[in-house]
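# Per-entry structural report
Below are the chains, spelled out letter by letter.
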Amino acid sequence: MTPPYVSPLREAQPAETRRRILEAAAEIFGERGYSGTALSAIATQAGVSLETVKQNGPKPALLLACFDSAFAGSEGDGPLHHRELGAQAAPLLGDEMLEFHLGWVAGANARVARLWPRVLEASAADADVAARLEQLQANRRYDIVSSITTYREKGLCHSARPDAELASEFSFLISPEGYTQLVIESGWSIDAYRAWLLRAVRKMILED
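Below is a short write-up of the structure.

Rules and cut-offs
- Residue indices follow the written sequence of each chain, beginning from 1 at its first position.
- Restriction of local features to residues with pLDDT of at least 70 applies here, the model being predicted, together with a cutoff of 80 or more for giving and counting side-chain atom pairs; totals for whole chains, interfaces and linings are based on all residues.
- Values shown for side chains rest on all heavy atoms present in the structure; no hydrogens or waters enter the calculation.
- A helix here means a DSSP run of H or I that spans at least four residues, while a strand means a run of E at least two residues long, and both kinds are numbered starting from the N terminus.
- Accessibility here uses a 1.4 Å probe with only protein chains present; expressed as a share of the type maximum, an area under 20% marks a residue as buried, one over 50% as exposed, and anything in between as partly exposed.
- Contact between two residues is taken to exist if any of their heavy atoms lie within 4.5 Å; hydrogens are not considered.
- Residue exposure ignores everything except the shown protein chains as possible cover, and the areas themselves are Shrake-Rupley values with a 1.4 Å probe.
- His residues and chain termini do not enter the charge count, which takes Lys and Arg as positive and Asp and Glu as negative.
- Working definition for charges: the position is that of NZ of Lys, CZ of Arg, CG of Asp or CD of Glu.
- Multiplying 1.5 Å by the helix residue count minus one yields the expected span of that helix.
- Throughout this description, the term salt bridge denotes a Lys or Arg side-chain nitrogen within 4 Å of a carboxyl oxygen of Asp or Glu.
- Note on definitions: angles span 0 to 180 degrees between N-to-C directions of axes, and those axes are lines fitted to C-alpha atoms, for helices only across the stretch in contact.
- Crossings are sorted by hand: turned counterclockwise from the far helix by less than a right angle, the near helix makes the crossing left-handed, and turned clockwise it makes it right-handed.
- Throughout, the ten residues Ala, Val, Leu, Ile, Met, Phe, Trp, Tyr, Cys and Pro are labelled nonpolar, Asp, Glu, Lys and Arg are labelled charged, and all others, Gly among them, are labelled polar.
- By convention a nonpolar core is built from buried Ala, Val, Leu, Ile, Met, Phe, Trp, Tyr and Cys residues, the set being connected through side-chain atoms within 4.5 Å.
- Here the aromatic set is Phe, Tyr and Trp, taking the six-membered ring for Trp, and pairing holds for ring centres within 6.5 Å; pairs whose planes are under 30 degrees apart are stacked, those over 60 apart are edge-to-face, and all others are tilted.
- Here, over-ring charges are defined by two tests on the NZ atom of lysine or the CZ atom of arginine: distance to the ring centre within 6 Å, and angle to the ring normal within 35 degrees.
- What the arc describes is the spread of directions from the helix axis to the C-beta atoms.

In this section: the overall build of the protein. In terms of regular secondary structure, the protein is built from eleven helices and zero strands. Across the protein, helices and strands are ordered from the amino to the carboxyl terminus as α-α-α-α-α-α-α-α-α-α-α. With respect to the three principal axes, the spread of C-alpha positions in the protein is 55 × 55 × 30 Å. Burial statistics for the protein: of 208 residues in total, 44% are counted as buried. Taking the intrachain contacts of the protein between residues at least 6 apart in sequence as the baseline, contacts between residues at least 24 apart amount to 65%. For the protein, the accessible surface area stands at approximately 11200 Å², while carbon and sulfur atoms represent 55% of it. Both charge centroids of the protein, one from 21 positive and one from 27 negative side chains, sit 4 Å from each other.

Below you can see the structure in the form of structure tokens.
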């Protein structure tokens, strides 16, 4: 029996449309906020029909999906350690691994700095966004703890303090809020921010 023909182009088209919608949503949400964003504006920005945007929604799902896609670099499920980032970092050792990881965090924070406050605003007003955000935050907590574990396994972390304490401090250091204060509000360059992040993590998390 001849297998059904599968068109790579036909399969790629929905993914490309989804990508455009999420990029447009991130821009519109970032500019107008959650309550001020209409699905029709996302449709116009993405160059698709309103019905197509609705098929990729609803609005709460779009907000969290565009945030996740912007932060991770692509849409996916579950913690980042189980996704592309984990696979890229796995073979790296020593300072190469640390610089890759924190450089990635710096880039991710740059991509979501203006979107993250919109997510928090929406979660305070919309129970659906709040529920979806809790799952996202649970994934983040898992990634933070996994980072400390990985640093120890690769001989980078020599601190005798409990992992839970280190994870809380690490979470604070790499937060989008820190990027906003240093880069957007204080005018630091992304390179200066990345260098600070490396110094801070080495000093506060990794040293004995």
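Moving on from the coordinates now.
Okay, helix α4 (residues 59-72) next. Taking 1.5 Å of rise per residue, 14 residues should cover 20 Å, and α4 covers 20 Å from first to last C-alpha, within 8% of that figure. Across the 14 residues of α4, 14 count as buried, placing the element largely inside the fold. Among the residues trailing α4, G73 stands out with phi positive, at a value near 95 degrees.

With that settled, consider the side chain of D126. Among the secondary structure elements, D126 is positioned in the loop between α7 (116-125) and α8 (127-153). Nearest to the buried, unbridged D126 among oppositely charged side chains is R132, at 7.2 Å. Residues contacting D126, with those up to four places away along its chain left out, are Y34 and P60.

Below, the discussion takes up the packing of α8 against helix α9 (residues 163-173). How two helices pack is summed up by the angle between their axes together with the distance between the axes. Where α8 meets α9, the axes come as close as 9 Å, and the angle between the chain directions of the two elements is 115 degrees. Our pair here, α8 against α9, has a crossing hand that is right-handed. Counted together, R140, I144, V145, S147, I148, T149, Y151 and R152 of α8 and D163, L166, A167, F170 and S171 of α9 form the full contact between these two elements. Looking at the contact of α8 with α9 residue by residue, the classes come out as seven nonpolar, three polar and three charged.

Next up on the list: the pattern of salt bridges. A complete count under the given rule lists twelve salt bridges for this structure. Note that R132 and D128 form a salt bridge whose closest N and O atoms lie 3.1 Å from each other. You can see R132 and its partner D128 sitting in helix α8, four residues apart, about one turn around the helix. Given a relative accessible area of 34%, R132 falls into the partly exposed group. Notably, a salt bridge pairs E134 with R141, separated by 2.7 Å at the nearest N-O pair.

With that out of the way, let us pick up the side chain of H101. One can find H101 in helix α6 (residues 94-112). Leaving out residues up to four positions away in the same chain, H101 has contacts with L85, S147, Y151 and F170.

For soluble globular proteins, the rule of thumb is that nonpolar side chains tend to be buried together. Counting residues in hydrophobic clusters, the biggest one holds 62 residues, and the most contacted among them are F29, I42, L63, L102, Y151, F170 and V201. The element contributing the most residues to this core is α4, with nine residues. With near-sequence residues (within four places) excluded, F170 lies in contact with H101, L102, I144, S147, I148, Y151, V201 and I205.

Now for the packing of aromatic side chains. Per the stated rule, a full pass over the model turns up seven aromatic pairs. Plain terms: the ring middles of F29 and Y34 are 6.0 Å apart, the flat faces sit at 20 degrees to each other, and that makes the pair stacked. Taking the relative accessible area as the measure of exposure, Y34 reaches 11% and is therefore buried. Linked through ring pairs, F67, F71, W104 and W116 together constitute an aromatic cluster. When the ring centre of Y34 is taken as reference, the NZ or CZ atom of K59 above it lies at 4.6 Å.

Turning our eyes to something else, we now look at α9. Buried residues of α9: L166, A167, F170 and L173, and no others. Viewed along the axis of α9, the buried residues span an arc of 120 degrees, placing them on a single side of the element. Those residues of α9 that are exposed and angled more than 90 degrees off the buried face are A164 and F172. Residues of α9 that are buried in the fold lie against α6, α8 and α11 (190-206).

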